[in-house]
Amino acid sequence: MGISRAENRALLLLRILLATVAWLFCSSVTQAVDYGNEVSVLVEQGRVVATSLVSGRREIPLDAQETVIDSGTSGINAVVVTSRRLLGFSSRTFT
């Protein structure tokens, strides 16, 4: 005939267990990993240099009398504020 109450309960517990294992596995696979800052920014004579292990080195020349006000990095991105421009770098594209 039909499934007994004990069999139904056992199947339900098995389904809950499988769903929990699948959820734990999938959440660990899709979890983002933070490797720290991937971009470093240096201010050299007349230019700003961004380096990354992923994308290499990118140099941006500064204009005459242009000065760097501040710079910062976070993860895959870096920003440099100059007296005339806002420069942005990304280690994934390095543009």
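Quick note: structure is the one above.
The rules behind each value
Residues numbered from 1 in each chain as written. Predicted model: local features only at pLDDT ≥ 70, side-chain atom pairs only at ≥ 80, totals over all residues. Heavy atoms only, no water. Helix = DSSP H or I, 4+ residues; strand = E, 2+ residues; numbered from the N terminus. Polar contact = N/O pair within 3.5 Å; in protein donor to acceptor, adjacent residues only side chain to side chain. Contact = heavy atoms within 4.5 Å. Pairing = 2+ DSSP bridges. Axes fitted to C-alpha atoms, helices over the stretch in contact; angles between N-to-C directions. Patch = residues over 30% accessible without salt bridge, like charges linked within 9 Å, V, L, I, M, F, W, Y side chains within 5 Å. Areas by Shrake-Rupley, 256 points an atom, 1.4 Å probe, with all protein chains shown as cover. Salt bridge = Lys/Arg side-chain N within 4 Å of Asp/Glu carboxyl O. Buried < 20%, exposed > 50% of the residue type's maximum accessible area, 1.4 Å probe, protein only. Core = buried A, V, L, I, M, F, W, Y, C linked by side-chain atoms within 4.5 Å.

Novice: Any details on the side chain of Glu66? Residues and values, ideally.
Specialist: Examined against the element boundaries, Glu66 turns out to sit in the loop between strand 3 (56-61) and strand 4 (68-74). Among the polar contacts listed, one links the side chain of Glu66 to the backbone nitrogen of Asp63, at a separation of 2.7 Å. Beyond its immediate chain neighbours, meaning those up to four positions away, Glu66 contacts Thr82, Ser83, Arg84 and Arg85.

Novice: So what's going on with the sheet that holds strand 4? Which residues, and what values?
Specialist: On the basis of which strands lie adjacent, the open sheet formed by three strands has the order 4-5-6 and antiparallel pairing. A single partner strand is all that each edge strand has here, and the edge strands are strand 4 and strand 6 (86-90). When strand polarity is set aside, the average angle formed by the axes of neighbouring strands in this sheet is 10 degrees. Taken together, the five bridges between strand 5 (residues 77-82) and strand 6 define a ladder with antiparallel strand orientation. Within strand 6, the residue paired with Ala78 across the bridge is Phe89.

Novice: Describe the side chain of Glu38, naming the residues involved and giving the relevant values.
Specialist: When you line up the elements, Glu38 lands in the loop between helix 1 (5-29) and strand 1 (39-44). Within the local environment of Glu38, its side chain forms a polar contact with the side chain of Ser91, the two groups lying 3.0 Å apart. Contacts of Glu38, omitting those with residues within four sequence positions, involve Thr51, Ser52, Leu53, Val54, Gly75, Ile76, Ser91 and Arg92.

Novice: Please give an account of a nonpolar patch on the surface that cites residues and values.
Specialist: Taken together, the side chains of Ile3, Leu11, Leu14, Leu17, Leu18 and Val21 present a nonpolar region at the surface, about 560 Å² in accessible area. With respect to the helices, strands and loops of the structure, Leu11 is situated in helix 1.

Novice: With reference to specific residues and values, describe the pattern of salt bridges.
Specialist: In total, this model carries five salt bridges according to the counting rule given. Its salt-bridge partner being Glu66, residue Arg85 comes within 3.0 Å of it at the nearest N-O pair. One end of the pair, Arg85, is in the loop between strand 5 and strand 6; the other, Glu66, is in the loop between strand 3 and strand 4, and 19 residues separate them in sequence. Classification of Glu66 as buried rests on a relative accessible area of 7%. Through salt bridges with shared partners, one network takes in Glu44, Arg47, Arg57 and Glu59.

Novice: Could you give me a rundown of the nonpolar core, with the residues and numbers involved?
Specialist: The nonpolar side chains of soluble globular proteins are, as a tendency, buried together. Counting 10 residues, the largest nonpolar core consists of Val39, Val41, Val48, Ala50, Ile60, Leu62, Ala78, Val80, Leu87 and Phe89. Listed by contribution, the elements that provide at least two residues to this core are strand 1, strand 2 (47-52), strand 5 and strand 6. Setting aside chain neighbours within four positions, we find Val48 in contact with Val41, Leu42, Arg58, Glu59, Ile60, Leu62, Val68, Val80, Leu87 and Phe89.

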